[in-house]
Amino acid sequence: MSSPLHDDTALRAPTVAFDNSYARLPPQFFADQVPTPVAAPQLIKFNEVLARELGLDVEALKQNAAAIFSGNELLPGSQPIAMAYAGHQFGNFVPQLGDGRAILLGEVKDCHGRRRDIQLKGPGPTPFSRRGDGRAALGPVLREYIVSEAMHALGIPTTRALAAVTTGEPVYREEVLPGAIFTRVAASHIRVGTFQFFAARGDTDSLKIMADYVIGRHYPDIGDRANPYLALLEAVADRQAALIARWLHVGFIHGVMNTDNMTVSGETIDFGPCAFMDAYDPATVFSSIDRNGRYAYANQPAIGQWNLARLGETLIPLIDPSVDTAIELANVVIKAYGERFQTYWLAGMRAKIGLLNEEEGDLELIQSLLAAMQQQGADFTLTFRRLAALAAGKEVTDFAAAFNDPQAAAPWLERWRERLARDPRTPAARAAAMRKVNPAFIPRNHRIEQAIETAVEDGDFSLFEALLKVLAAPYEDQPAFAPYAEPPLPAERVLQTFCGT
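Residues numbered from 1 in each chain as written. Predicted model: local features only at pLDDT ≥ 70, side-chain atom pairs only at ≥ 80, totals over all residues. Heavy atoms only, no water.

## What to know about the overall build of the chain
Inference 1: Each helix and strand in the chain was counted, giving 16 helices and 12 strands.
Inference 2: The C-alpha atoms of the chain give 23 Å as radius of gyration, which agrees with the globular expectation for 501 residues (23 Å, within 12%).
Inference 3: Based on the C-alpha atoms only, the size of the chain along its principal axes is roughly 65 × 65 × 40 Å.
Inference 4: The 501 residues of the chain split such that 57% are buried.
Inference 5: Excluding contacts between residues fewer than 6 apart, the proportion of contacts in the chain whose partners are at least 24 apart in sequence is 72%. (Helix = DSSP H or I, 4+ residues; strand = E, 2+ residues; numbered from the N terminus. Rg over C-alpha atoms; globule rule 2.2 N^0.38 Å. Buried < 20%, exposed > 50% of the residue type's maximum accessible area, 1.4 Å probe, protein only. Contact = heavy atoms within 4.5 Å.)

## What about the environment of Ala161?
Inference 1: Take Ala161: it is sitting in strand β9 (residues 160-172).
Inference 2: A relative accessible area of 0% places Ala161 in the buried class.
Inference 3: Measuring from C-alpha to C-alpha, the distance between Ala161 and Tyr145 comes to 5.3 Å, with 16 residues separating the pair along the chain.
Inference 4: Sequence-distant contacts of Ala161, that is, excluding residues within four places in its chain, are made with Asn47, Leu50, Tyr145, Ser148, Glu149, Phe182 and Thr183.

## Considering helix α9 (residues 323-352)
Inference 1: The end-to-end C-alpha distance of α9 is 44 Å, a good match for the 44 Å that 30 residues give at a rise of 1.5 Å each.
Inference 2: Bending of α9 peaks at approximately 25° at the position of Tyr337.
Inference 3: Looking only at α9, the buried set comprises Ala326, Ala330, Val333, Ile334, Tyr337, Phe341, Trp345, Leu346, Gly348, Met349, Arg350 and Lys352.
Inference 4: Elements that come into contact with the buried residues of α9 comprise α7 (228-249), α8 (300-319), α10 (362-376), α11 (380-391) and α14 (427-435).
Inference 5: Note on α9: the residue one or two positions beyond its end, Gly354, has a positive phi of about 90°. (Expected span 1.5 Å × (residues − 1). Bend = angle between axes of the 7 residues up to and from the residue.)

## Overview of the nonpolar core
If you look at soluble globular proteins, the nonpolar side chains tend to sit buried side by side.
Inference 1: Counting 131 residues, the largest nonpolar core has Tyr22, Phe195, Ile353 and Trp416 as the members making the most contacts within it.
Inference 2: The biggest single contributor to this core is α7, with 14 residues.
Inference 3: A domain split of this core shows at least three residues from each of domain 1 (22-189) and domain 2 (193-351).
Inference 4: When near neighbours in sequence (up to four residues on either side) are disregarded, Tyr22 contacts Phe29, Phe30, Ile81, Met83, Glu107, Ile190, Thr194, Met210 and Tyr213.
Inference 5: Counting 24 residues, the second largest nonpolar core, distinct from the first, contains Phe18, Leu54, Leu75 and Ala163. (Core = buried A, V, L, I, M, F, W, Y, C linked by side-chain atoms within 4.5 Å. Domains from an automatic or database assignment.)

## Points about the UniProt feature "binding site: ATP" (unreviewed entry) in the chain
Inference 1: On the UniProt side, "binding site: ATP" (unreviewed entry) is annotated at positions that read Gly98, Gly100, Arg101, Lys121, Asp133, Gly134, Arg184, Arg191 and Asp270 here. A stretch of 173 residues holds the annotated residues, and the largest C-alpha distance among them is 22.7 Å, long enough that they do not meet in one place.
Inference 2: The residue Gly98 is located in the loop between β5 (92-94) and β6 (102-109) in this model.
Inference 3: Gly98 has contacts with Met83, Ala84, Tyr85, Phe128 and Arg130, leaving out every residue within four places of it along the chain.
Inference 4: With respect to the secondary-structure elements, Gly134 resides in the loop between β7 (115-121) and β8 (136-137).
Inference 5: Judged by relative accessible area, Gly134 falls into the buried class, the value being 5%.
Inference 6: Filtering out sequence-adjacent residues up to four positions away, Gly134 remains in contact with Gly100, Arg101, Gly122, Pro123, Gly124, Pro125 and Ser129. (UniProt positions renumbered as here; feature names shortened; annotations may be inferred.)

## Re the domain arrangement of the chain
Inference 1: With domains assigned, the chain is organised as domain 1 (22-189) and domain 2 (193-351).
Inference 2: For domain 1 versus domain 2, the distance between C-alpha centres works out to 23 Å.
Inference 3: On the domain 2 side, the residues contacting the 38 residues of domain 1 number 41 residues.
Inference 4: Between domain 1 and domain 2 the total buried area reaches about 3,200 Å² when both faces are included, carbon and sulfur atoms providing 62% of it.
Inference 5: On the domain 1 side of the interface with domain 2, the three residues burying the most area are Phe29, His88 and Phe90, jointly 21% of the side's total.
Inference 6: The shortest N-O distance in the salt bridge between Arg217 and Asp117 comes to 2.7 Å.
Inference 7: Run the count over domain 1 and domain 2 and you get 17 residue pairs in polar contact (both at pLDDT 80 or more).
Inference 8: If one sorts the elements of the side of domain 1 that touches domain 2 by residue count, helix α4 (residues 138-153) sits on top with five residues. (Buried area = accessible area lost by both parts, 1.4 Å probe. Salt bridge = Lys/Arg side-chain N within 4 Å of Asp/Glu carboxyl O. Polar contact = N/O pair within 3.5 Å; in protein donor to acceptor, adjacent residues only side chain to side chain.)

## Examining the confidence of the model for the chain
Inference 1: Mean pLDDT over the chain: 94, with 97% of residues reaching 70 or higher.
Inference 2: The low-confidence segment residues 1-9 (pLDDT under 50) makes 18 contacts with residues lying over four places distant or belonging to another chain. (pLDDT = per-residue confidence, 0-100.)

## Side note on the side chain of Asp99
Inference 1: With respect to the helices and strands, the residue Asp99 is situated in the loop between β5 and β6.
Inference 2: Of the buried charged residues, Asp99 lacks a salt bridge, with Arg191 as the closest side chain of opposite charge at 4.2 Å.
Inference 3: A polar side-chain atom of Asp99 sits 3.3 Å from a polar atom in the side chain of Tyr85.
Inference 4: Excluding its chain neighbours within four sequence positions, the residues that come into contact with Asp99 are Ala82, Met83, Tyr85, Gln119, Thr126, Phe128 and Arg191. (Lys, Arg positive; Asp, Glu negative; His and termini not counted.)

## Some words on the packing of aromatic side chains
Inference 1: For the structure shown, the criterion picks out 19 aromatic pairs.
Inference 2: Note on Tyr145 and Phe464: the rings are 5.6 Å apart at their centroids and 75° apart in plane angle, and the pair reads as edge-to-face. One end of the pair, Tyr145, is in helix α4; the other, Phe464, is in helix α16 (residues 462-471), with 319 residues separating them in the sequence. Taken individually, Tyr145 and Phe464 each receive the classification buried, so the pair is uniform in this respect.
Inference 3: Judged by centre distance (6.1 Å) and plane angle (90°), the ring pair of Tyr280 and Tyr297 falls under edge-to-face. Remark: Tyr297 occurs in the loop between β12 (275-276) and α8 and Tyr280 occurs in the loop between β12 and α8; sequence separation between them is 17 residues. Each member of the pair, Tyr280 as well as Tyr297, is classed as buried.
Inference 4: Lying across the ring of Trp306, Arg294 places its NZ or CZ 4.8 Å from the centre.
Inference 5: The ring of Phe384 carries the charged tip of Lys352 above its face, separated from the ring centre by 4.5 Å. (Phe/Tyr/Trp six-rings, centres within 6.5 Å; stacked < 30°, edge-to-face > 60°. Lys NZ or Arg CZ within 6 Å of the ring centre and 35° of its normal.)

This is how it looks when you write it as structure tokens:
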């Protein structure tokens with residue numbers, strides 16, 4: 001484990017250009033809350049590349065990183081707050097949730113001029129902790145660091161990992177575990193549940209403030225529309241449709257798609273009991289708390305629509321003075337979400353099997369491959385990666401080997417080759433394009449669990465570091481890391497993941 005530098009002769013105070021717009025909103029939007037100090041913080045990881053992108057002084061931060069990223073030391077300009085929100089959790093509405101174990105330190109503008117939140121997860125209790133300790137265990141912190149950075153490397157909109165530290169204090173769950181704190185970066189932490197918080201209280205004035213703030217921060221192009229609040233619902237729907245389609249393209253299962261875990265910015269957030277599929281099965285569930293499969297892999301598009309309907313409900317007073325008219329207008333947007341999702345999903349799947357142009361039978365061709373993969377227990381990631389190799393002229397053996405019965409792949413491959421004959425690209429160009437959308441490496445659940453176990457049990461972060469390295473380039477072959485591309489052996493399978501709360 002790395003630790004902060006202690007060369008007193010070289011110490012200089014880090015300067016961060018905070019510009020905390022959310023903290024300038026009215027007081028009902030948040031609670032002021034400083035982090036609770038921890039006993040003996042030590043740095044696990046500091047994402048220097050992201051820090052530079054945020055315009056931070058990397059060398060100065062490194063000199064006291066453990067204190068800063070544990071919340072023991074507040075940087076000048078920071079205005080730590082816990083955000084208020086509500087949410088539907090597994091379909092049940094909870095009118096007050098809020099940041100129970102997270103504190104927003106402030107906002108910065110990155111090198112591209114984009115506003116970004118910097119938030120601590122696990123820095124102690126807040127007014128929204130609901131009798132919780134406000135702390136995080138080491139395992140969930142490592143999982144979120146690994147998966148959020150992997151999602152970024154895969155090209156999927158996501159919150160980012162800036163740092164992780166251990167606290168030198170235990171946390172008490174079903175067992176005693178080492179404590180840790182995660183530093184997360186996001187376009188914002190505003191959720192569908194943020195709007196629900198004010199709607200549940202009948203606070204239309206605050207709803208309008210929130211909607212105007214989100215439009216200004218995330219969707220400035222719609223501010224001058226005739227009906228900006230309807231346009232806001234449409235813009236959020238479009239981003240969610242695109243996001244969830246991309247989840248499905250890489251076999252990702254979020255695990256807890258509650259409305260308080262759905263951002264209005266269109267980023268993936270809250271990597272609790274998430275996982276990536278190995279063998280393809282649309283009914284796959286990993287989360288130990290999803291006992292009825294509400295958030296199974298194939299259910300995610302419909303849940304996205306359900307969540308958007310909840311957002312639409314909150315915007316009714318803003319969309320039109322007539323409730324009936326507002327509901328009618330919002331329903332048009334909610335219903336159109338299905339078509340948006342299908343368009344994004346089908347375009348991505350065409351790319352995954354190497355199709356450039358569109359033909360009417362493409363959907364059936366894709367569905368027949370997925371059906372064969374499910375029947376034959378084929379690994380989702382390897383099947384598509386090997387199909388890219390097949391498009392480049394490799395032997396069919398490796399691709400067919402992903403199926404329990406290798407001969408079962410033959411009928412589909414014959415249809416696929418017939419379809420490719422009408423595609424305008426050369427085999428080399430097609431294969432290169434397929435490799436860019438079909439990763440060789442994903443955060444395999446058994447690899448994450450191995451990294452967590454060695455860190456928690458032995459204080460050894462070498463597997464954590466190795467995972468971060470290989471997952472930083474998921475579309476490259478990386479022969480030195482070839483075992484990381486393989487699915488788990490039967491004895492290595494991890495079938496359940498757990499929420500870190």
